[in-house]
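# Survey of secondary and tertiary structure
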Amino acid sequence: MSTSKQPPAAGPGLPVLEGEEPWTDEEVVEQRAELQDELERLERRIAATEAELDSLMRGGTDGAGRDPADVGSSNFERDQEFSLAQNVREMAEQLRLAIHLFDHGEYGYCEVCGQPIGKGRLQVFPRATLCVTCKQREERR
Ligand SMILES: [Zn+2]
């Protein structure tokens, strides 16, 4: 029976930029959990927003007991809810993609140039799928 220490797990790890510390197994696990948590948070928000929209829509069509000013403000509210819902859905989409990449061992590489995104950036924006350079290029468009 051996009492020797376990060798470090040969996990797939995640890519880093030059000069960055390698990911520890613990950090990799945390990163995956962070993605999952964030997705669950967003999904709860989507559900809440949809319920809200639903009631706004219903209020709009039936319209009983509302004066016109009320209807106007609820249309505005509805537009706001729509664009908010759209944003949240896009973020959730990005997260699902990040989780998918993670589970296929492709997480952490830029979708455009294929270079590592960088540990620092991923820890701040777990759902990032573009490196800083490609992201900036995209934003300038
Ligand atoms: Zn890139």
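None of these values were measured; they are calculated from a predicted model. (Residues numbered from 1 in each chain as written. Predicted model: local features only at pLDDT ≥ 70, side-chain atom pairs only at ≥ 80, totals over all residues.)

Right, let's talk about the overall build of the chain for a bit. Secondary structure summary: the chain contains four helices and zero strands in total. Along the chain, helices and strands appear, N-terminal first, in the series α-α-α-α. Taken across its 141 residues, the chain has 12% of its residues classed as buried. Counting only contacts in the chain whose residues sit at least 6 apart along the sequence, the fraction spanning at least 24 positions is 59%. (Helix = DSSP H or I, 4+ residues; strand = E, 2+ residues; numbered from the N terminus. Buried ≥ 20, exposed ≤ 12 C-beta atoms within 10 Å, placed from the backbone. Contact = placed C-beta atoms within 7 Å.)

Secondary-structure assignment places Ala48 in helix H1 (residues 25-62). Note: C-alpha distance between Ala48 and Ala85 (37 residues apart in sequence) is 9.6 Å.

Glancing now at the environment of Ser55. Mapped onto the fold, Ser55 is located in helix H1. By C-beta crowding, Ser55 is classed as exposed, having 11 other C-beta atoms within 10 Å. Sequence separation of Ser55 and Arg78 is 23 residues, and the distance between their C-alpha atoms is 9.9 Å.

With that settled, consider the nonpolar core. The tendency in soluble globular proteins is for nonpolar side chains to be buried as a group. Leu14, Trp23, Leu35, Leu39, Leu42, Leu95, Ala98 and Tyr107 together form the largest nonpolar core, which totals eight residues. Broken down by secondary-structure element, the contributors of at least two residues to this core are H1 and helix H2 (68-103). Broken down by element, this core gets its largest block of residues, three residues, from H1. Setting aside residues up to four positions removed in sequence, Leu39 forms contacts with Ala92, Leu95, Arg96 and Ile99. (Core = buried A, V, L, I, M, F, W, Y, C linked by C-beta atoms within 7 Å.)

On to the environment of Leu130, then. With respect to the secondary-structure elements, Leu130 resides in the loop between helix H3 (119-124) and helix H4 (132-140). As for Leu130 and Gly118, which are separated by twelve residues in sequence, their C-alpha atoms are 9.8 Å apart. Filtering out sequence-adjacent residues up to four positions away, Leu130 remains in contact with Cys110, Glu111, Val112, Lys135 and Glu138.

We now examine the confidence of the model for the chain. The share of residues in the chain with pLDDT of 70 or more is 83%, and the mean pLDDT across the chain is 85. Looking at the elements of the chain, mean pLDDT is at its lowest for H2, recorded as 86, and at its highest for H3, recorded as 96. In the model, residues 6-11 has pLDDT below 50 throughout and makes three contacts with residues more than four positions away in sequence or in other chains. (pLDDT = per-residue confidence, 0-100.)

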